[in-house]
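Summary of the model geometry
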Amino acid sequence: MSSLHQLTIEQASAGLAKKEFSSVELTQACLDQIASSDHRLRAFINVFPEHALAQAEKADLAFRRGEALSVLAGIPYAAKDNFCTEGFATTAGSKILEKYLPPFESTTTQRLKDAGAVLLGKTNLDEFAMGGSTENSAFYPTKNPRDETRVPGGSSGGSAAAVASGEVIYALGTDTGGSVRQPASFCGVVGLKPTYGRTSRYGVMAMASSLDTISHLTKTVADSALVLQSIAGRDPHDSTSSNLALDNYSEEIKKPVKGLKIGLPQEYFTAEGIDPQVKEVIFSALKKVEELTGTSAIPINLSAPDYALACYYLIMPSEVSSNLARYDGIKYGLSVSGSDLFDTYQKSRGQGLGAEVKRRIILGTYALSHGYYDAYYQKACAVRSLIKKDFEGAFKTVDLILSPVASTTAFKIGEKSEDPLQMYLADLFTIPMSLAGVPAISVPCGVSAGLPVGLQIIGQWFDEKTVLRLAHHFEQSRK
Ligand code: GLN
């Protein structure tokens, strides 16, 4: 058997049930791995060894008593540091919240707590989840475990690096425009962004509320199904969470994929800047998928992804500018007192927030301002409806859509950090699904020059089960 920290959720859960090892041993194995690799990778902002071991002991006690436990019981995980965890520092990767201790728990971490999961620590991210490389963290960048000269992607780069390096068994992230799928692709792990409304946003620091989607990173697709089952579902604290019943994801993924109709958006393969080697890896993955389904991929048309990019970079900053107004130096977080109230606002925000966050607040404020609102924000909202319609149209003829997750593999640390536009382009293929709200997964599909490439499988609203099913069969076929 592989070392304990390398286990998947399925393997760990089976081992715990058979008493082959204890949750304390499993948790300690992850803590040891963190001790040996995290001084280099810096995937974590905070680790809670005592708390984690105490939770593990509690799970072990429940196992010994023979209590009926969730599959996630006793298994260590990490949460991106924008999930509020009661009494445990939650920084959102920002100086303005460096000392913030939330008085309440996010719904998702609460659900995992109720399942007996062991929270090991909180992972690094681009400040307030704004970025695609984790270099925008106010504390330090995270490195890619596959090549430490490269970024792990972002903004959930800490979570992706922690899972890929075996520092944790799985991790939570958030995906607003690609922040779970892109780092999953760069680090070679599985990242699922469920349908907007499938998971609850309560207690997660808002970036762009109409796009923010609670998501997760795992080592396998079967594990992704298990985590989704535990965290998804209606939450009275989030009015946008859906009442729709959940499927039994772990059962659904085993069903055959023969006959599934796969769409291939032509515009995603002719886009500028896509690395020819990445394209080749995606095409050979596509061949495999065609073998599995026994059908030929159907060429479809979606609008060019650069329209989505432009639309996103108006809607997202607009929402950012209003969501981040709460960090004013008065209510909570860093407070730098000035000569009057306005000066206090300016000093606190000026010192507490980083350059990228400020850039977006300024862009968003501009797009929402009188005289520009119609030309920018409202126009972007109209384009967003068209993008949604595109997907509705496509799903009349196909069950799933395939595309690359990113145009390139993980780039070098520092390569794009001085050029925001280049950084924004890294999300070209993930943003349209965020605007439409459809579910999408990144599943490892090969390597290019030694670096992992992710295949994106996109499904209809609330059809996570079919997305996971094809991803699972594809993953199995690569073994
Ligand atoms: N990289 C994108 C951005 O910078 C997406 C971020 C996210 O999904 N949180 O906005």
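Anything mentioned here points back to the structure above.
Heads up: these notes are all about the structure in this document. Along each chain, numbering runs from 1 in the same order as the chain's sequence is written. Selection of residues for local features in this predicted model requires a pLDDT of at least 70, selection of side-chain atom pairs for listing and counting requires 80 or more, and totals for whole chains, interfaces and linings are taken over all residues. Hydrogens and waters are ignored; side-chain quantities use all the structure's heavy atoms.

With 14 residues, helix α16 (residues 464-477) extends 20 Å from end C-alpha to end C-alpha; this agrees with the ideal 20 Å at 1.5 Å per step. In terms of residue burial, α16 counts as a mostly covered element, since 11 of its 14 residues are buried. Of all the positions in α16, only E464, T466, V467, L468, R469, L470, A471, H472, H473, F474 and E475 are classed as buried. The secondary structure listing takes helices from DSSP runs of H or I that are at least 4 residues long and strands from runs of E that are at least 2 residues long, numbered from the N terminus. Helix span, expected: 1.5 Å multiplied by one less than the number of residues in the helix. Relative accessibility decides the category of a residue: with a 1.4 Å probe and only protein chains considered, values under 20% of the type maximum give buried, values over 50% give exposed, and everything between is partly exposed.

This part covers the site of the ligand. Near, as used in this document, describes a residue that has one of its heavy atoms within 4 Å of the molecule or strand being considered. Neighbouring the ligand are 15 residues, the closest being T176, G177, S179, Y312 and D427. Counted as a polar contact is a pair of N or O atoms within 3.5 Å, where, for protein atoms, one must be capable of donating a hydrogen and the other of accepting one, and residues adjacent in sequence contribute only when both atoms are in side chains. Within the backbone of A129, an N or O atom sits 2.8 Å from a nitrogen atom of the ligand. Here T176 contributes a backbone N or O atom positioned 2.8 Å from an oxygen atom of the ligand. With residues, only the protein chains shown are counted as cover, and all accessible areas are computed by Shrake-Rupley using a 1.4 Å probe. Its free accessible area being 300 Å², the ligand has 99% of it covered by the protein chains. Of the residues assigned to the shell around the ligand, the class counts are 5 nonpolar, 7 polar and 3 charged. Basically, the charged four are Asp, Glu, Lys and Arg, the nonpolar ten are Ala, Val, Leu, Ile, Met, Phe, Trp, Tyr, Cys and Pro, and anything else, Gly included, counts as polar.

What follows concerns helix α9 (residues 276-293). The first and last C-alpha atoms of α9 sit 25 Å apart over 18 residues, in line with the 26 Å expected at 1.5 Å per residue. The complete set of buried residues in α9 reads V278, V281, I282, A285, L286, V289, L292 and T293. Down the axis of α9, the buried side of the element spans an arc of 145°, and every buried residue falls inside it. Residues of α9 that are exposed and point more than 90 degrees away from the buried face comprise P276, E280, K287 and E291. The arc in question is the one traced by the directions running from the helix axis out to the C-beta atoms.

Each pair of aromatic rings taken from Phe, Tyr and Trp, with Trp reduced to its six-membered ring, is defined by centres within 6.5 Å and is described as stacked if the planes are under 30 degrees apart, edge-to-face if over 60, and tilted in the remaining cases. For the coordinates displayed, the defined rule picks out 17 aromatic pairs. When the ring of Y100 is compared with that of Y332, the centres are 5.5 Å apart and the planes differ by 45°; the resulting orientation is tilted. Pair noted here: Y100 is in the loop between β2 (76-80) and α4 (107-114) and Y332 is in the loop between α10 (305-323) and α11 (341-352), with a separation of 232 residues, a long-range link. With relative accessibility at 30%, the residue Y332 sits in the partly exposed group. Taking 4.8 Å as the distance between ring centres and 80° as the angle between the ring planes, the aromatic pair formed by Y312 and Y313 counts as edge-to-face. Members of the aromatic cluster, each reached through a chain of ring pairs, are Y100, F128, Y327 and Y332. A ring is scored as having a charge over it whenever the NZ atom of a lysine or the CZ atom of an arginine sits within 6 Å of its centre and within 35 degrees of its normal. One Lys or Arg, K416, reaches over the ring of F411 and ends 4.7 Å from the middle of that ring.

The interhelical angle for the contact between α10 and helix α13 (residues 374-394), taken along N-to-C directions, is 130°, at an axis separation of 9 Å. One way to sum up the angle between α10 and α13 is to call them oblique. For α10 against α13, the interelement crossing comes out left-handed. Between α10, through Y307, A308, C311, L314, I315, S318 and E319, and α13, the contact on the second element is made entirely by Y376, Y377, A380, C381, V383, R384 and I387. The class makeup of the residues in the contact of α10 with α13 is 11 nonpolar, 1 polar and 2 charged. Axis geometry follows a simple rule: fit a line to the C-alpha atoms, using only the stretch in contact for helices, then measure angles between N-to-C directions, giving values from 0 to 180 degrees. Geometric relationships in this document are graded by angle, where less than 35 degrees denotes roughly parallel, more than 145 denotes roughly antiparallel, 65 to 115 denotes roughly perpendicular, and other angles denote oblique. In this scheme the crossing of two helices becomes right-handed for a clockwise turn of the near helix relative to the far one and left-handed for an anticlockwise turn of less than a right angle. In this description, contact between two residues means that some pair of their heavy atoms is separated by no more than 4.5 Å.

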